[in-house]
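# Results of the structural survey
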Amino acid sequence: MWNDRYANHAAVRPNTLEGHFDGVGQKSGDRNQQAGGLPVSKIATRIARRQLRQKQEEERAIGQRKADEHYMRLALQQARRAQALGEVPIGCVIVKEGQVIARGYNRRNTDHNTLSHAELNAIRKASRKLQDWRLEGCTIYITLEPCQMCSGAIVQSRIDRCVVGAMNPKAGCAGSVMNLLQVKGFNHQVDLTTGILEEACSQMLSEFFQKLRQEKQEKAAGNTETSVSADQS
(Lines give C-alpha, C1' and ligand atoms only; values in the text may rest on other atoms or scores of the structure.)
Protein backbone atom coordinates (compact mmCIF):
# COMPACT_ATOMS: atom_id res chain seq x y z
CA MET A 1 0.00 0.00 0.00
CA TRP A 2 2.91 2.27 0.80
CA ASN A 3 4.38 1.41 -2.55
CA ASP A 4 1.12 2.42 -4.26
CA ARG A 5 1.13 5.84 -2.59
CA TYR A 6 4.76 6.34 -3.51
CA ALA A 7 4.07 5.27 -7.04
CA ASN A 8 1.18 7.76 -7.31
CA HIS A 9 3.33 10.56 -5.93
CA ALA A 10 6.14 9.72 -8.34
CA ALA A 11 3.65 9.71 -11.19
CA VAL A 12 2.72 13.40 -10.69
CA ARG A 13 6.24 14.57 -9.88
CA PRO A 14 7.77 16.52 -12.75
CA ASN A 15 10.67 15.12 -14.63
CA THR A 16 13.81 16.54 -13.03
CA LEU A 17 15.55 16.39 -16.36
CA GLU A 18 13.19 19.06 -17.66
CA GLY A 19 14.10 21.50 -14.87
CA HIS A 20 13.64 21.85 -11.15
CA PHE A 21 10.37 23.45 -9.97
CA ASP A 22 10.41 25.70 -6.93
CA GLY A 23 7.02 24.65 -5.58
CA VAL A 24 5.02 27.49 -7.13
CA GLY A 25 5.00 26.16 -10.65
CA GLN A 26 8.05 28.13 -11.78
CA LYS A 27 11.38 26.73 -12.86
CA SER A 28 14.43 27.94 -10.99
CA GLY A 29 16.01 28.72 -14.36
CA ASP A 30 13.10 31.07 -15.17
CA ARG A 31 13.52 32.73 -11.80
CA ASN A 32 17.19 33.36 -12.52
CA GLN A 33 16.20 34.96 -15.79
CA GLN A 34 13.80 37.41 -14.12
CA ALA A 35 13.91 39.96 -11.33
CA GLY A 36 11.00 42.10 -10.36
CA GLY A 37 8.97 40.56 -13.15
CA LEU A 38 11.46 41.70 -15.83
CA PRO A 39 14.02 39.66 -17.74
CA VAL A 40 17.59 40.31 -16.69
CA SER A 41 18.45 41.56 -20.18
CA LYS A 42 15.80 44.29 -19.97
CA ILE A 43 16.96 45.34 -16.51
CA ALA A 44 20.53 45.60 -17.77
CA THR A 45 19.33 47.74 -20.70
CA ARG A 46 17.44 50.08 -18.37
CA ILE A 47 20.45 50.46 -16.10
CA ALA A 48 22.68 51.22 -19.08
CA ARG A 49 20.23 53.86 -20.36
CA ARG A 50 20.00 55.45 -16.91
CA GLN A 51 23.77 55.61 -16.63
CA LEU A 52 23.99 57.13 -20.12
CA ARG A 53 21.44 59.82 -19.20
CA GLN A 54 23.34 60.63 -16.01
CA LYS A 55 26.59 60.91 -17.93
CA GLN A 56 24.97 63.19 -20.51
CA GLU A 57 23.49 65.39 -17.78
CA GLU A 58 26.89 65.64 -16.08
CA GLU A 59 28.54 66.58 -19.37
CA ARG A 60 25.89 69.24 -20.03
CA ALA A 61 26.37 70.64 -16.52
CA ILE A 62 30.15 70.80 -17.01
CA GLY A 63 29.68 72.50 -20.39
CA GLN A 64 27.24 75.03 -18.92
CA ARG A 65 29.62 75.78 -16.06
CA LYS A 66 32.48 76.44 -18.48
CA ALA A 67 30.27 78.74 -20.56
CA ASP A 68 29.11 80.61 -17.45
CA GLU A 69 32.68 81.14 -16.31
CA HIS A 70 33.67 82.41 -19.76
CA TYR A 71 30.93 85.03 -19.86
CA MET A 72 31.50 86.03 -16.23
CA ARG A 73 35.13 86.79 -17.13
CA LEU A 74 33.78 89.15 -19.80
CA ALA A 75 31.59 90.77 -17.13
CA LEU A 76 34.70 91.18 -14.96
CA GLN A 77 36.36 93.02 -17.84
CA GLN A 78 33.46 95.47 -17.75
CA ALA A 79 33.84 95.82 -13.99
CA ARG A 80 37.48 96.86 -14.51
CA ARG A 81 36.28 99.66 -16.79
CA ALA A 82 34.13 100.95 -13.94
CA GLN A 83 37.07 100.67 -11.56
CA ALA A 84 39.23 102.73 -13.92
CA LEU A 85 36.69 105.56 -13.54
CA GLY A 86 36.75 105.32 -9.77
CA GLU A 87 33.34 103.65 -9.78
CA VAL A 88 32.36 100.61 -7.72
CA PRO A 89 33.58 97.78 -10.01
CA ILE A 90 30.42 96.08 -11.23
CA GLY A 91 30.15 94.70 -14.74
CA CYS A 92 27.56 92.94 -16.83
CA VAL A 93 27.09 91.21 -20.18
CA ILE A 94 23.95 89.90 -21.88
CA VAL A 95 24.15 86.80 -24.04
CA LYS A 96 21.72 85.36 -26.58
CA GLU A 97 22.28 82.15 -28.52
CA GLY A 98 25.93 82.07 -27.51
CA GLN A 99 26.64 85.64 -28.63
CA VAL A 100 27.27 88.68 -26.43
CA ILE A 101 24.72 91.27 -27.54
CA ALA A 102 25.34 93.93 -24.88
CA ARG A 103 27.84 95.02 -22.24
CA GLY A 104 27.53 97.42 -19.34
CA TYR A 105 29.38 98.69 -16.29
CA ASN A 106 28.62 100.91 -13.34
CA ARG A 107 28.68 104.65 -14.24
CA ARG A 108 26.47 106.09 -11.52
CA ASN A 109 28.91 108.76 -10.29
CA THR A 110 30.32 109.48 -13.74
CA ASP A 111 26.88 110.06 -15.26
CA HIS A 112 25.43 111.63 -12.08
CA ASN A 113 22.52 109.27 -12.61
CA THR A 114 20.96 106.84 -10.13
CA LEU A 115 19.82 104.67 -13.03
CA SER A 116 23.29 104.19 -14.49
CA HIS A 117 23.89 100.74 -13.00
CA ALA A 118 25.73 98.10 -15.02
CA GLU A 119 22.60 96.00 -15.54
CA LEU A 120 20.41 98.87 -16.76
CA ASN A 121 23.11 100.12 -19.12
CA ALA A 122 23.41 96.63 -20.62
CA ILE A 123 19.63 96.13 -20.84
CA ARG A 124 19.25 99.41 -22.75
CA LYS A 125 21.94 98.35 -25.22
CA ALA A 126 20.44 94.87 -25.66
CA SER A 127 16.97 96.29 -26.33
CA ARG A 128 18.44 98.67 -28.89
CA LYS A 129 20.35 95.79 -30.51
CA LEU A 130 17.28 93.54 -30.77
CA GLN A 131 14.84 96.38 -31.39
CA ASP A 132 12.61 94.92 -28.70
CA TRP A 133 12.11 95.60 -25.00
CA ARG A 134 11.51 91.88 -24.49
CA LEU A 135 14.83 90.14 -24.02
CA GLU A 136 13.45 86.62 -24.18
CA GLY A 137 16.03 83.90 -24.71
CA CYS A 138 18.75 86.03 -23.09
CA THR A 139 21.03 85.39 -20.13
CA ILE A 140 22.45 88.23 -18.08
CA TYR A 141 25.81 87.81 -16.30
CA ILE A 142 26.51 90.19 -13.39
CA THR A 143 29.57 90.34 -11.17
CA LEU A 144 27.50 91.46 -8.15
CA GLU A 145 24.01 90.43 -7.07
CA PRO A 146 21.52 92.96 -8.49
CA CYS A 147 19.72 95.53 -6.34
CA GLN A 148 15.93 95.90 -6.20
CA MET A 149 15.90 98.30 -9.14
CA CYS A 150 17.97 96.09 -11.42
CA SER A 151 16.22 92.90 -10.34
CA GLY A 152 12.91 94.51 -11.27
CA ALA A 153 14.30 95.55 -14.65
CA ILE A 154 15.53 92.00 -15.31
CA VAL A 155 12.04 90.63 -14.61
CA GLN A 156 10.34 93.36 -16.64
CA SER A 157 12.60 92.74 -19.65
CA ARG A 158 11.66 89.03 -19.65
CA ILE A 159 15.28 87.85 -19.45
CA ASP A 160 15.30 84.04 -19.12
CA ARG A 161 18.30 83.53 -16.86
CA CYS A 162 20.46 85.51 -14.46
CA VAL A 163 23.99 84.43 -13.48
CA VAL A 164 25.58 86.14 -10.48
CA GLY A 165 29.17 86.24 -9.31
CA ALA A 166 29.34 87.65 -5.77
CA MET A 167 26.34 87.99 -3.47
CA ASN A 168 25.42 91.29 -1.80
CA PRO A 169 24.21 90.58 1.76
CA LYS A 170 23.17 94.20 2.47
CA ALA A 171 21.36 95.13 -0.75
CA GLY A 172 21.07 92.10 -3.02
CA CYS A 173 17.61 91.21 -4.32
CA ALA A 174 18.37 87.87 -5.94
CA GLY A 175 18.34 85.89 -2.72
CA SER A 176 20.18 87.89 -0.04
CA VAL A 177 17.76 90.51 1.27
CA MET A 178 14.94 89.14 -0.89
CA ASN A 179 14.52 87.37 -4.23
CA LEU A 180 12.61 89.55 -6.68
CA LEU A 181 13.67 87.40 -9.63
CA GLN A 182 11.45 84.49 -8.63
CA VAL A 183 8.32 85.95 -7.08
CA LYS A 184 5.51 83.53 -7.92
CA GLY A 185 2.95 86.32 -8.04
CA PHE A 186 4.75 87.98 -10.98
CA ASN A 187 3.97 86.96 -14.54
CA HIS A 188 7.63 86.13 -15.18
CA GLN A 189 10.28 84.34 -13.12
CA VAL A 190 13.98 84.25 -13.93
CA ASP A 191 16.18 81.17 -13.67
CA LEU A 192 18.98 81.97 -11.24
CA THR A 193 22.55 80.70 -10.90
CA THR A 194 24.90 82.13 -8.28
CA GLY A 195 28.53 81.72 -7.25
CA ILE A 196 30.14 81.78 -10.69
CA LEU A 197 33.73 83.05 -10.26
CA GLU A 198 32.56 84.27 -6.87
CA GLU A 199 36.07 84.59 -5.43
CA ALA A 200 37.33 86.75 -8.30
CA CYS A 201 34.26 88.99 -8.21
CA SER A 202 34.42 89.40 -4.43
CA GLN A 203 38.15 90.07 -4.45
CA MET A 204 37.79 92.89 -6.97
CA LEU A 205 35.17 94.59 -4.80
CA SER A 206 37.12 94.03 -1.57
CA GLU A 207 40.31 95.50 -3.04
CA PHE A 208 38.39 98.52 -4.35
CA PHE A 209 36.82 99.36 -1.00
CA GLN A 210 40.06 98.67 0.87
CA LYS A 211 41.88 101.14 -1.37
CA LEU A 212 39.05 103.65 -0.94
CA ARG A 213 39.26 103.44 2.86
CA GLN A 214 43.04 103.80 2.73
CA GLU A 215 42.77 106.92 0.58
CA LYS A 216 40.25 108.43 2.99
CA GLN A 217 42.52 107.71 5.95
CA GLU A 218 45.51 109.26 4.19
CA LYS A 219 43.44 112.28 3.26
CA ALA A 220 42.18 112.64 6.83
CA ALA A 221 45.73 112.31 8.16
CA GLY A 222 46.95 114.95 5.70
CA ASN A 223 44.22 117.35 6.76
CA THR A 224 45.16 116.82 10.42
CA GLU A 225 48.83 117.59 9.75
CA THR A 226 47.88 120.72 7.82
CA SER A 227 45.67 121.88 10.68
CA VAL A 228 48.40 121.27 13.25
CA SER A 229 50.96 123.17 11.18
CA ALA A 230 48.58 126.09 10.82
CA ASP A 231 48.02 126.20 14.59
CA GLN A 232 51.75 126.15 15.33
CA SER A 233 52.44 128.97 12.91
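Our structure's up above, just so we're on the same page.
We now turn to the structure provided with this report. (Residues numbered from 1 in each chain as written. Predicted model: local features only at pLDDT ≥ 70, side-chain atom pairs only at ≥ 80, totals over all residues. Heavy atoms only, no water.)

## Digging into the pairing of strand E6 (residues 161-166)
The side chains of a regular strand alternate between both faces of the sheet. Across the 6 residues of E6, 6 count as buried, placing the element largely inside the fold. Sheet topology note: the strand E5 (residues 138-144)/E6 ladder contains 5 bridges and is parallel. In the sheet register, Thr-139 faces E6, and the bridge partner there is Arg-161. Traced from E5 through helix H6 (residues 148-156) to E6, the parallel crossover comes out right-handed. Bridge count between E6 and strand E7 (residues 191-193): 3 bridges; the pairing is parallel. By the bridge assignment for E7, Arg-161 is matched with Asp-191. (Buried < 20%, exposed > 50% of the residue type's maximum accessible area, 1.4 Å probe, protein only. Helix = DSSP H or I, 4+ residues; strand = E, 2+ residues; numbered from the N terminus. Pairing = 2+ DSSP bridges. Right-handed = clockwise from strand over helix to strand, strands pointing away.)

## Some thoughts on the sheet that holds strand E3 (residues 91-96)
With respect to topology, 5 strands assemble into an open sheet ordered E4-E3-E5-E6-E7, the strand pairing being mixed. Both edges of this open sheet fall to strand E4 (99-105) and E7, since each of them pairs with a single strand only. Direction aside, the axes of adjacent strands within the sheet are offset by 20° on average. In terms of strand pairing, E3 meets E5 through 5 bridges, oriented antiparallel. Looking at the pairing, Val-93 lines up with Tyr-141 of E5. (Axes fitted to C-alpha atoms, helices over the stretch in contact; angles between N-to-C directions.)

## Section: the nonpolar core
In terms of nonpolar packing, the biggest core is built from 44 residues, with Met-72, Ile-94, Ile-123, Ile-140, Ile-154 and Cys-162 touching the most fellow members. With 6 residues, helix H3 (residues 40-84) is the single largest residue contributor to this core. (Core = buried A, V, L, I, M, F, W, Y, C linked by side-chain atoms within 4.5 Å.)

## Regarding the side chain of Glu-119
By secondary structure assignment, the location of Glu-119 is in helix H5 (residues 118-130). Buried and without a salt bridge, Glu-119 has Arg-124 as its closest oppositely charged side chain, separated by 9.6 Å. (Lys, Arg positive; Asp, Glu negative; His and termini not counted. Salt bridge = Lys/Arg side-chain N within 4 Å of Asp/Glu carboxyl O.)

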